[in-house]
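Analysis of the macromolecular model
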Amino acid sequence: QVQLVESGGGLVHAGGSLRLSCAASGRTFSTNAKGWFRQVPGNEREFVSATNWNGGKTYYADSVKGRFTISRDNANNTVYLQMNMLKPEDTAVYYCAVNYLLDPTAAQAKSGHQYMYWGQGTQVTVSS
């Protein structure tokens, strides 16, 4: 069993920054690809970013490219999402997840169906 706990969410003004963390415990799948998704109530969950097993490959949604950076620390079973230049449309609950694969293709990294464990989410609210 895997437990994923996200932290770092909160309320920030537009243009500000937040750093999300996702700590894994239990059977951590420390070298599986990891991803971040977000969801606004009433909308489908959408892909934000993902990284392969060693951080050598990263993937981003077009809407966050150039503003968000994903990174991971396998020794501490933690994945991060640095979010800069936040916009009101970034407001959502952010979820981290563990991919089935260590080195997925871009399509596999961006598909929620390729993730086997999910955290409970952390709220990010960006005010205008």
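Here goes a summary of the coordinates provided.

1. Topic: the nonpolar core
- Ranked by size, the top nonpolar core spans 32 residues in total, and within it Trp36, Phe68, Leu81, Met83 and Tyr94 carry the most contacts.
- No other element matches strand S9 (residues 92-99), which puts five residues into this core.

2. So, the state of the cysteines
- On inspection of all chains with the given rule, the structure shows one disulfide.
- Residue Cys22 pairs covalently with Cys96 via a disulfide, S to S 1.9 Å. Taking the sign of the S-S torsion, 50 degrees for the link of Cys22 and Cys96, the bridge is right-handed. Residue Cys22 is found in strand S3 (residues 18-26), and its partner Cys96 is found in strand S9; the two are separated by 74 residues along the sequence.

3. Details of the pairing of strand S7 (residues 68-73)
- Side-chain alternation along S7 places Phe68, Ile70 and Arg72 on a buried face and Thr69, Ser71 and Asp73 on a face that remains uncovered.
- One ladder, built from six bridges, connects S7 with strand S8 (residues 78-83); its direction is antiparallel. Across the sheet, Arg72 pairs through a bridge with Val79, a residue of S8.
- Once S7 ends, the chain turns through four residues before running back antiparallel as S8, passing Asn77 with a positive phi of about 55 degrees.

Each value, and the rule that gives it
Residues numbered from 1 in each chain as written. Predicted model: local features only at pLDDT ≥ 70, side-chain atom pairs only at ≥ 80, totals over all residues. Heavy atoms only, no water. Core = buried A, V, L, I, M, F, W, Y, C linked by side-chain atoms within 4.5 Å. Buried < 20%, exposed > 50% of the residue type's maximum accessible area, 1.4 Å probe, protein only. Helix = DSSP H or I, 4+ residues; strand = E, 2+ residues; numbered from the N terminus. Disulfide = S-S within 2.5 Å. Pairing = 2+ DSSP bridges.

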